[in-house]
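# Structural characterization, general
What follows is the residue order along each chain.
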Amino acid sequence: MAKCDVCGKDESMPYNCRHCGGTYCGEHRLPENHNCTGLQNWNDPSGVFDSGFDDSVNDGGTSRASSITSKLPIDTGPGGPLAYFRGNMTYTFLALMWVTFLAQWITLLVGGGSLHSALFSLSTGNVEYVWTWVTSIFAHSPVNIFHIVFNSIVIFFFGPLVERYVGSRNFAVLFVVSGILAGLGQVGISIYQGVPSSVLGASGAALAIMGVLTVLNPSLKVYLYFILPVPLWLLTIGTAVVSVFFIGTGGGGDIAHAAHLVGLLVGLAYGEYVKRTRNVRTQSQFQLGGGGPGGPGGPGGPGRGRGPF
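Values in this document were obtained by computation on a predicted structure and should not be read as measured data. Numbering of residues starts from 1 in every chain and runs along the sequence as written. The predicted origin of the model limits local features to residues at a pLDDT of at least 70 and limits the giving and counting of side-chain atom pairs to 80 or more, whereas totals for whole chains, interfaces and linings rest on all residues. Working from all heavy atoms in the structure, the side-chain values ignore hydrogens and water.

## Regarding the state of the cysteines
A covalent bond between the sulfur atoms of two cysteines is what we call a disulfide. Defined as follows: The term disulfide is used for any two cysteine sulfur atoms that are within 2.5 Å.
For the structure shown, the criterion picks out 0 disulfides. Its sulfur unpaired, C7 is 3.7 Å from the next cysteine sulfur, which belongs to C4.

What follows is the structure, given as structure tokens:
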């Protein structure tokens, strides 16, 4: 069962708003009935809210054209070039990852490795740089393109399934919080072992997403390296075993196994919470495929068929 964000009513078949990410009952599912923040992004108040017959019909005397978003050089309203990211945190985070990747290269060229580390890398030597707790989630190894590509594939296929069910707001919290805890977990283990290390990447957040799906649909079939079909629960167990092994032996090279394990555990815990507090009707809700007209991203959604890992 889910509770309506407006009236608190228990709803067995809740509605998730694409624009603000909230959860609502049938009475409050329309944007205008739950004071949806997405309504503030309409950039044509005269065309949308003005009847044309009565000049007194307006938006309360203050034109939305004067809002901050309307002053941007890019159309942020429905139908604009950024509309596909509205109510879709999966694609928003993917875009931020690649924009950050570009910013990393610019930083390296302009300021060198020391500036890059101070801005993007969470390490045992700069834990007090609290901004790196977040920037390190979206930053990836600038010398290994496969690092960001691999994480992007996992998030692209698995992210919409989780976001579609828990809502964009909860998905965003899960992504950021699991990423922060994964990074701090890796640094903490390294400090305990007396080994200096640094953390980059969204692997912890990606594995948190996978952990949620493992609880909600453990038999979901994925193709390991695009070839070998395996159930998701087996892949999750394998990932956990490998992480624990390398944490215990102090090996694993440049792979942050502690971050992987922490992210996975956060996802499993949140997935269990969702399963206990919400009405998970069928596992078919969590099949890999298109987002559909009502899912994140609008018609077409991300991908078709089963996803790789």
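## Overview of the side chain of S197
Just so we agree on the cut-off: Helix numbers and strand numbers start at the N terminus; a helix is a DSSP run of H or I with at least 4 residues, a strand a run of E with at least 2. In the analysis that follows, any N or O atom pair within 3.5 Å is treated as a polar contact, provided that within protein one partner can donate a hydrogen and the other can accept it, and provided that, for residues neighboring in sequence, both atoms belong to side chains. Whether two residues are in contact is decided by their heavy atoms: any pair within 4.5 Å suffices.
Of note, S197 is situated in the loop between α5 (168-193) and β6 (198-199). At 2.6 Å, the side chain of S197 forms a polar contact with the side chain of S190. Aside from chain neighbours lying at most four places away, what touches S197 is L122, S123, T124, Q186 and S190.

## Considering the side chain of S121
Heads up, the condition is: Only protein chains enter the accessibility calculation, which uses a 1.4 Å probe; a residue is then buried when its area is under 20% of its type maximum, exposed when over 50%, and partly exposed in between.
Topologically, S121 is positioned in the loop between α2 (89-120) and β5 (122-123). Relative accessible area serves as the criterion here: at 6%, S121 is assigned to the buried category. For S121, the contacting residues outside a window of four places in its chain are H116, N126, T132, S198, V199 and L200.

## Brief notes about helix α8 (residues 257-277)
In an α-helix there are 3.6 residues to a turn, and that puts residues three or four apart on one side. So the rule is basically this: Take the number of residues in a helix, subtract one, and multiply by 1.5 Å to get its expected span.
The end-to-end C-alpha distance of α8, which contains 21 residues, comes to 30 Å, matching closely the 30 Å that a straight helix rising 1.5 Å per residue would cover. Taken residue by residue, α8 has H257, A258, A259, H260, L261, G263, L264, G267, Y270, G271 and V274 as its buried positions. Residues of α8 that are buried in the fold lie against α4 (145-166), α5, α6 (203-216) and α7 (232-249).

## Side note on the packing of α7 against α8
For any two helices packed against each other, the geometry is given by the interaxial angle and the distance between the axes. Rules: Only the stretch in contact is used when a helix axis is fitted, and all axes are lines through C-alpha atoms; the angle between N-to-C directions ranges over 0 to 180 degrees. The labels follow the angle: roughly parallel below 35 degrees, roughly antiparallel above 145, roughly perpendicular from 65 to 115, and oblique for the rest. Crossing handedness follows the turn of the near helix against the far one: under a right angle anticlockwise gives a left-handed crossing, and clockwise gives a right-handed one.
Where α7 contacts α8, the axes come no closer than 8 Å and their chain directions differ by 140°. The orientation of α7 with respect to α8, classified from their angle, is oblique. Judged by the sense of rotation from one axis to the other, the crossing of α7 with α8 is left-handed. On the side of α7, the interface is formed by T236, A240, V242, S243, V244, F246 and I247, while α8 contributes H257, A258, H260, L261 and L264.

## Observations concerning the pattern of salt bridges
Here is the rule: Definition used for salt bridges: Asp or Glu carboxyl oxygen within 4 Å of a side-chain nitrogen of Lys or Arg.
Summed over the entire model, instances satisfying the criterion amount to 1 salt bridge. For E272, the salt bridge goes to R276, with nearest N and O atoms at 2.9 Å. With E272 and R276 both in helix α8, this residue pair falls 4 residues apart, about one helical turn. Taking the relative accessible area as the measure of exposure, E272 reaches 30% and is therefore partly exposed.

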